Amino acid sequence: MKKDIFDRYAHAVADEFGIPTDALFMKTKERHITHARHMLFYLCHKRMMNIASIMLYMRNNEYETGHSSIIYGIHKTESRMDEDSDYVSVAKKIQEEIK
């Protein structure tokens, strides 16, 4: 159940950020991709997915990440949302699409 939601969020985030879905799972630090990945972490967290589950789903897509990296991404997205209303709009749009 949660895996399906994770996958739907991944596709929606990739679409919103204008990147291929598989880019979310590439080892890169390109800003537009890391921002998208952080948004994915944030949305999953808000959907009450625990960090261990997010780590597992990322690993299932061949992307190894740790607990602290996911927490960092969530906090960075919250910070961006405080500074940029577009981030709030994107998050709300995706959350509305995936209920």
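Quick caveat: nothing in here was measured; it's all calculated off a predicted structure.

Caption draft 1: The arrangement of the packing of aromatic side chains in detail. According to the stated counting rule, one finds three aromatic pairs in the structure shown. Measuring from ring centre to ring centre gives 6.3 Å for Phe6 and Phe25, while their planes differ by 40 degrees; the resulting arrangement is tilted. Of the two residues, Phe6 is situated in helix α1 (residues 2-17) and Phe25 in the loop between α1 and α2 (31-46); the sequence distance between them amounts to 19 residues. The buried category is assigned to Phe6, whose relative accessible area is 0%.

Caption draft 2: Layout of the environment of Asp84. Take Asp84: it is sitting in the loop between α4 (67-83) and α5 (85-97). Classification of Asp84 by relative accessible area gives partly exposed; the value is 29%. With 59 residues separating them along the chain, Asp84 and Phe25 place their C-alpha atoms 25 Å apart. At 2.9 Å, the side chain of Asp84 forms a polar contact with the backbone nitrogen of Asp86.

Caption draft 3: Spatial organisation of the pattern of salt bridges. This structure, assessed with the given rule, holds four salt bridges. Between Lys3 and Asp7 there is a salt bridge whose closest N-O contact spans 2.8 Å. Within this pair, Lys3 and its partner Asp7 are both found in helix α1, separated by four residues, close to a single helical turn. You can call Asp7 partly exposed: its relative accessible area is 26%. Here Glu16 and Lys93 are joined by a salt bridge, their closest N and O atoms 2.7 Å apart. Here the residue Glu16 occupies a position in helix α1, and Lys93 occupies one in helix α5, the gap between them amounting to 77 residues.

Cut-offs applied
Residues numbered from 1 in each chain as written. Predicted model: local features only at pLDDT ≥ 70, side-chain atom pairs only at ≥ 80, totals over all residues. Heavy atoms only, no water. Phe/Tyr/Trp six-rings, centres within 6.5 Å; stacked < 30°, edge-to-face > 60°. Helix = DSSP H or I, 4+ residues; strand = E, 2+ residues; numbered from the N terminus. Buried < 20%, exposed > 50% of the residue type's maximum accessible area, 1.4 Å probe, protein only. Polar contact = N/O pair within 3.5 Å; in protein donor to acceptor, adjacent residues only side chain to side chain. Salt bridge = Lys/Arg side-chain N within 4 Å of Asp/Glu carboxyl O.

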